[in-house]
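# Structural description and commentary
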Amino acid sequence: MINIKNTIPIFCLVFSLGAFSCSNKRSAEISPAISQGIMNQFKFDQIGVQPGEKLPNLEVWSISGKAQSLSEITANTKQTVLITGSYTCDKTRSNLNAIDSLSKIYDEHIAFYLVNTIEAHPIDTQSPYSGEQEPWLAEDNLEAGIEAPQPNTMGERMDLAERWQSEQEIEIPIILDGPENGFWIQAGQGPNTIMVLSQEGEVVYKQPWFDAGELGSFLEESNY
């Protein structure tokens, strides 16, 4: 017979460890970063992993804080489309309808994800896409009332991603880059970059800036 009195302290210990683990993940500090793209006229296609190369099996996070490897995500479909973006990226915001439309066309064969990366136009710090120390406030953001500081912790990134998903009514799944900005670095350090991965994690297609027509043509011709 199980001694219920003896199991209570064990249960409390397990619960406390789980709560500590969740809290510890949220408090993970995000590394500041400046894109190499500002040094080569925003040619993000020349940065990071290139087509034909394998993307490192990086860790990404869900909005709720669950960590998983990229291989777990790509294993479910023959091709996976990963699109970088952020709440303050005006370019990503203008492309959300096109991204959603493409995901619905190919949803039976191809998985689409938005990868929430470092904020493009934070109101409190230098933009990762500017050499100027002052914040770079995008005109479209000012007109739309879009503003947010650069998250300093993963908890803040999770909260802002949830706000992004809710306010913009984003339907495709959002995954979060880790605190070291590993995916953003490997993908090309661009604000709205596209990578299409095979099940094995090989980059089969890459766009430095999202272009719905070109991506649609590639997906239509690809052997998925």
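Above this text sits the structure in question.
Reading guide: rules and limits
Residue indices follow the written sequence of each chain, beginning from 1 at its first position. The predicted origin of the model limits local features to residues at a pLDDT of at least 70 and limits the giving and counting of side-chain atom pairs to 80 or more, whereas totals for whole chains, interfaces and linings rest on all residues. As a rule here, side-chain values cover all heavy atoms of the structure and leave hydrogens and water aside. Patch construction takes residues with relative accessible area above 30% that form no salt bridge. Like charges are linked within 9 Å, and nonpolar side chains (Val, Leu, Ile, Met, Phe, Trp, Tyr) are linked within 5 Å. Working definition of accessibility: Shrake-Rupley area with a 1.4 Å probe, residue cover restricted to the visible protein chains. Salt bridges are counted wherever a side-chain nitrogen of Lys or Arg sits within 4 Å of a carboxyl oxygen of Asp or Glu. Helix and strand assignments come from DSSP, with helices taken as H or I runs of at least 4 residues and strands as E runs of at least 2, each series counted from the N terminus. For each residue, the accessible area found with a 1.4 Å probe, counting protein chains only, is set against the maximum for its type, and the residue is called buried under 20%, exposed over 50%, and partly exposed in between. We call a set of buried residues a nonpolar core when its members are Ala, Val, Leu, Ile, Met, Phe, Trp, Tyr or Cys and they connect through side-chain atoms within 4.5 Å of each other. Contacts are residue-level and defined by heavy atoms, with any inter-residue pair within 4.5 Å sufficient. Centres within 6.5 Å are what make two rings of Phe, Tyr or Trp a pair, Trp counting through its six-membered ring; a difference in plane orientation under 30 degrees is then read as stacked, over 60 as edge-to-face, and the rest as tilted. Paired strands, as defined in this entry, are two strands with at least two bridges between them according to DSSP. For the handedness criterion, the strands are oriented away from the viewer, and a crossover whose path from the first strand over the helix to the second runs clockwise is classed as right-handed. In this scheme, a helix's expected span is set at 1.5 Å multiplied by one less than its residue total. When charges are tallied, Lys and Arg are placed among the positive residues and Asp and Glu among the negative ones, while His and the ends of the chain are skipped. Simply put, an axis is a line fit to the C-alpha atoms, just over the touching stretch for a helix, and the angle between two N-to-C directions goes from 0 to 180 degrees.

Another aspect to go through is a nonpolar patch on the surface. The grouping of Phe42, Trp136 and Trp209 at the surface amounts to a nonpolar patch, some 290 Å² of accessible area in total. Mapping phenylalanine 42 onto the fold places it in the loop between α1 (4–26) and β1 (59–61). Overall, phenylalanine 42 belongs to the partly exposed group, its relative accessible area being 33%.

Our focus in this paragraph is the nonpolar core. One finds Val81, Ile83, Phe112, Leu114, Leu176, Leu215 and Leu219 to be the most contacted residues of the largest nonpolar core, which totals 32 residues. Of all the secondary-structure elements, those providing two or more residues to this core are β3 (79–85), α3 (90–105), β4 (110–116), α5 (154–167), β5 (174–177), β6 (194–198) and α7 (212–221). Dropping the residues within four chain positions of it, isoleucine 83 is found in contact with Ile99, Phe112, Tyr113, Leu114, Val115, Asn192, Thr193, Ile194 and Phe210. Counting residues in hydrophobic clusters, the runner-up holds 16 residues, among them Leu55, Val60, Ile73 and Tyr113.

Within the structure shown, the criterion is met by five aromatic pairs. Put simply, the rings of Phe42, Phe44, Tyr129, Trp184 and Trp209 pair up and form one aromatic cluster.

A few words on the pairing of β4. The element β4 is largely enclosed, with a buried count of seven among its seven residues. In this sheet, β4 lies alongside β3 in parallel orientation, the contact comprising seven bridges. Bridging across to β4, threonine 80 finds its partner in alanine 111. One crossover worth recording links β3 to the parallel β4 by way of α3, and it is right-handed. Relative to β5, β4 is paired through three bridges, and the arrangement is parallel. In the strand pairing of β5, asparagine 116 is matched with leucine 176.

Its 14 residues place the ends of α5 20 Å apart at the C-alpha level, agreeing with the 20 Å of an ideal helix rising 1.5 Å per residue. Along α5, the residues classified as buried are Met154, Gly155, Arg157, Met158, Leu160, Ala161 and Trp164. After α5 finishes, the residue glutamate 169 shows a positive phi value of roughly 50°.

Attention now moves to the side chain of arginine 157. One can find arginine 157 in helix α5. This buried residue, arginine 157, is left without a salt bridge; aspartate 177 holds the nearest opposite charge, at 4.9 Å. Setting aside anything within four residues of it in sequence, one finds arginine 157 in contact with Ile30, Asn116, Thr117, Ile118, Pro151, Leu176, Asp177, Gly178 and Asn181.

So, about the pairing of β6. For β6, the tally of buried residues reaches five of five residues, placing the bulk of the element in the interior. Alternating positions in β6 separate into two faces, Ile194, Val196 and Ser198 on one and Met195 and Leu197 on the other, with burial throughout. Direction of pairing for β6 relative to strand β7 (residues 203–207): antiparallel, over a ladder of four bridges. In the strand pairing of β7, methionine 195 is matched with lysine 206. Between β6 and β7, which pair antiparallel in sequence order, lie four residues; one of them, glycine 201, sits at a positive phi of approximately 90°.

This part takes up the sheet that holds strand β2 (residues 67–69). Judged by pairing direction, the sheet is mixed, and its seven strands sit side by side in the order β2-β1-β5-β4-β3-β6-β7 without closing on themselves. Strands at the two margins of the open sheet, each flanked by one partner only, are β2 and β7. If you compare each strand with its neighbour and ignore which way they point, the axes differ by 30° on average. Sheet contacts for α5: β1, β3, β4 and β5; angle to β5, the most-contacted strand, approximately 155°. Where α7 meets the sheet, its contacts fall on β3, β4, β6 and β7, and the angle it forms with β7 comes to roughly 160°.

Coordinates in, geometry out; function isn't part of it.
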